[in-house]
Amino acid sequence: MPAAVYVVSIDPQASTVWWANRISDLPFDFSQEHETPENLAILKDTGAKVHVIANQKGGVGKTTVTLNLGAVVADVLKEKATLQHVFIDTPGSLQDENLLLEALKFAHDVIVPMPPEPLAFDPTARTIQKVVEPSGLPYKVLVNNWDPRDGKTELGETRDYIAAQGWPALETTIRRYKVHTRASAEGRVVTQYDENKPSFKAREDFYRLAIELGYGGGE
Ligand SMILES: Nc1ncnc2c1ncn2[C@@H]1O[C@H](COP(=O)(O)OP(=O)(O)O)[C@@H](O)[C@H]1O
Ligand SMILES: [Mg+2]
């Protein structure tokens, strides 16, 4: 039975494949396509919604968001027999802009993760202004990696900055939890975390995100 969710990486650095190879029971189909991004064209005929996760700044959480959002959507839609959602993880560098542009050709929308840090503002603005907005695709900015112990100052500044730019933003904030950082080393996605309080909160963020995005299917 085909999975309801397909995750593709076109990041030549292939951190996703490195991660995915360590995950024993991936809840979604996965492939690495940076050498053959033209293969993405077949996605057009599947009827699935194609979401690109993009920010040309590295380390903002593209891979973390792609795999964990893919995992919770796959969990919610596990009874579906046909492909519903495709998530494309993209490179975090300006050199590989052509790969990102290729993915945008086949996409329905874009999610732009950014951490609540002023250092990320300018690079994120560049991606949005030079690449995402010219594509004409709808997009939403996602604040990722906010540490609740830091208080709300930087989160507020980041949300103010996003609003001042006029960017559409997701209300859900993905908090920073050590379990996410450890998960990449252990080869696990959020639906496979242990049952404890931080894991529960970490998982809650991604379910909230999936609900806000409306990726849970019908009633
Ligand atoms: N919400 C989060 N909580 C904890 N660690 C995170 C979170 N988001 C990202 N990270 C960590 O930050 C690093 C960079 O994230 P990654 O998803 O690889 O970014 P990108 O794909 O944009 O380069 C990784 O070590 C990842 O585990
Ligand atoms: Mg990555």
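Residues numbered from 1 in each chain as written. Chains lettered and ligands numbered in written order. Predicted model: local features only at pLDDT ≥ 70, side-chain atom pairs only at ≥ 80, totals over all residues. Heavy atoms only, no water.

**Focus: the side chain of Thr-127**
The condition is simple: The numbering of helices and of strands both runs from the N terminus, where a helix is a DSSP run of H or I of at least 4 residues and a strand a run of E of at least 2. In protein, a polar contact means a hydrogen-donor-capable atom and an acceptor-capable atom, both N or O and within 3.5 Å, with residues adjacent in sequence counting only if both atoms are side-chain atoms; elsewhere, any N or O pair within 3.5 Å suffices. Residues are treated as being in contact if the distance between any of their heavy atoms lies within 4.5 Å.
When you line up the elements, Thr-127 lands in helix α4 (residues 121-135). At a separation of 2.9 Å, a polar atom in the side chain of Thr-127 contacts the main-chain amide nitrogen of Gln-56. In this structure, Thr-127 is in contact with Asn-55, Gln-56 and Val-132, ignoring residues within four places of it in sequence.

**Things to note about the site of ligand 1**
The following threshold applies: To be near a molecule or strand, a residue needs just one of its heavy atoms within 4 Å of it. Surface accessibility follows the Shrake-Rupley procedure with a 1.4 Å probe radius. Residue values consider only the protein chains on display as shielding. A 1.4 Å probe that fits but cannot get out identifies a cavity on a 1 Å grid over protein atoms alone, an open set with protein on both sides within 12 Å along at least five of seven lines counts as a pocket, and a residue lines either if it has an atom within 4 Å of a point. Pocket occupancy is defined atom-wise: a molecule lies in a cavity or pocket when more than half of its atoms are within 2 Å of its grid points.
Inspection of the region around ligand 1 gives 16 residues, with Gly-59, Lys-62, Thr-63, Thr-64 and Thr-181 positioned closest. Separating an oxygen atom of ligand 1 from a backbone N or O atom of Gly-61 is a distance of 3.0 Å. The contact in question runs from a nitrogen atom of ligand 1 to an N or O atom on the side chain of Asn-144, over 3.0 Å. The protein chains hide 79% of the 550 Å² of surface that ligand 1 would expose on its own. Cavity membership is defined here by more than half of the atoms lying within 2 Å of grid points; on that basis ligand 1 lies in the largest pocket.

**A closer look at the packing of aromatic side chains**
Both the distance between ring centres and the angle between the ring planes are used here to describe each pair of aromatic rings. We count it as follows: The criterion for an aromatic pair is that two Phe, Tyr or Trp rings (for Trp, the six-membered ring) have centres within 6.5 Å, with stacked assigned to planes under 30 degrees apart, edge-to-face to planes over 60 apart and tilted to the rest. Relative accessible area decides the class of each residue, using a 1.4 Å probe on protein chains only: under 20% of the type maximum gives buried, over 50% gives exposed, and in between gives partly exposed.
Counted according to the given criterion, the structure contains three aromatic pairs. Pairing Phe-87 with Tyr-215 gives two aromatic rings, centres 5.9 Å apart and planes at 50°, and the pair type is tilted. Of this pair, Phe-87 sits in strand β4 (residues 85-89) while Tyr-215 is found in the segment after α7 (197-213), placing the two residues 128 residues apart along the sequence. Residue Tyr-215 is classed as buried on the basis of its relative accessible area of 6%.

**Section: the pattern of salt bridges**
We apply this condition: Here, a salt bridge means any Lys or Arg side-chain nitrogen found within 4 Å of an Asp or Glu carboxyl oxygen.
Applying the stated criterion across every chain yields a total of nine salt bridges. The salt bridge involving Arg-203 is made with Glu-195; its shortest N-O contact spans 3.2 Å. One network of salt bridges, with partners in common, ties together Arg-175, Glu-204, Asp-205 and Arg-208.

**Remarks on the packing of helix α2 (residues 62-76) against α7**
We apply this condition: Axes here mean lines fitted to C-alpha atoms, for a helix over just the part in contact, with angles spanning 0 to 180 degrees between N-to-C directions. Any angle between 65 and 115 degrees counts as roughly perpendicular, while under 35 counts as roughly parallel, over 145 as roughly antiparallel, and the rest as oblique. Only Asp, Glu, Lys and Arg are considered charged, only Ala, Val, Leu, Ile, Met, Phe, Trp, Tyr, Cys and Pro nonpolar, and every remaining residue, Gly among them, polar.
Two numbers describe how α2 lies on α7: the axes approach to 9 Å, and their chain directions differ by 75°. Taken together, the axes of α2 and α7 lie roughly perpendicular to each other. Of α7, the residues touching α2 (which contributes Thr-64, Val-65, Asn-68, Leu-69, Val-72, Val-73, Asp-75 and Val-76) are Phe-206, Tyr-207, Leu-209, Ala-210 and Leu-213. Per-class residue counts for the contact of α2 with α7 are 10 nonpolar, two polar and one charged.

**Quick notes on the layout of surface pockets**
Operational definition: Grid points are joined across faces, edges and corners, and a volume is the space filled by probe spheres set on the points.
Taken as a whole, the largest pocket holds about 440 Å³ of empty space. Contributing to the lining of the largest pocket are 25 residues, with Gly-59, Val-60, Gly-61, Lys-62 and Thr-64 lying nearest its centre. Residues that form the lining of the largest pocket fall into these classes: five nonpolar, 15 polar and five charged.

**Considerations on the sheet that holds strand β3 (residues 49-53)**
In plain terms, the rule: Pairing between strands requires that DSSP locate at least two bridges from one strand to the other.
With respect to topology, seven strands assemble into an open sheet ordered β2-β1-β4-β3-β5-β6-β7, the strand pairing being parallel. The open sheet is flanked by β2 (29-32) and β7 (169-175), the only strands paired with a single partner. Across the sheet, the mean angle separating the axes of adjacent strands is 20° when strand polarity is ignored. Taken together, the four bridges between strand β6 (residues 139-146) and β7 define a ladder with parallel strand orientation. Within β7, the residue paired with Val-141 across the bridge is Ala-169. Packed onto the sheet, α7 meets β5 (109-114), β6 and β7 and runs at close to 165° relative to β7.

**A short note on α4**
Stated formally: Given the number of residues in a helix, its expected span is that number minus one, multiplied by 1.5 Å. Note on bend: at a given residue it equals the angle between the axes fitted to the 7 residues ending there and to the 7 starting there.
Here α4 spans 20 Å end to end across 15 residues, near enough to the 21 Å set by a 1.5 Å rise per residue. Taken as a whole, α4 carries its principal kink of about 35° at Ile-128. Three or more residues of α4 are buried, namely Phe-121, Thr-124, Ala-125, Thr-127, Ile-128, Val-131 and Val-132. On its buried face, α4 is in contact with α3 (97-105), β5, β6 and α5 (153-165). Within two residues after α4, Gly-136 carries a phi angle of roughly 80°, on the positive side.

**As for unusual backbone geometry**
What you tend to see is this: most non-glycine residues have negative phi, and most peptide bonds are trans. With a phi close to 80°, Asn-145 is a non-glycine residue in the positive phi region. Inspection of the secondary structure puts Asn-145 in strand β6.

**Some details on the nonpolar core**
The line we're drawing: Nonpolar cores were defined as sets of buried Ala, Val, Leu, Ile, Met, Phe, Trp, Tyr and Cys residues, with membership established by side-chain atoms within 4.5 Å.
One finds Ile-88 and Trp-167 to be the most contacted residues of the largest nonpolar core, which totals 34 residues. Looking at this core, the elements with two or more residues in it are β1 (5-9), β3, β4, α3, β5, α4, β6 and α5. With five residues, the single largest contributor to this core is α4. Among residues more than four places away in sequence, those in contact with Trp-167 are Met-114, Thr-124, Ala-125, Ile-128, Glu-133, Tyr-139, Val-141, Tyr-161 and Ile-162. Formed by 30 residues, the second largest nonpolar core is a distinct cluster that contains Ala-4, Ala-74, Leu-77 and Val-189.

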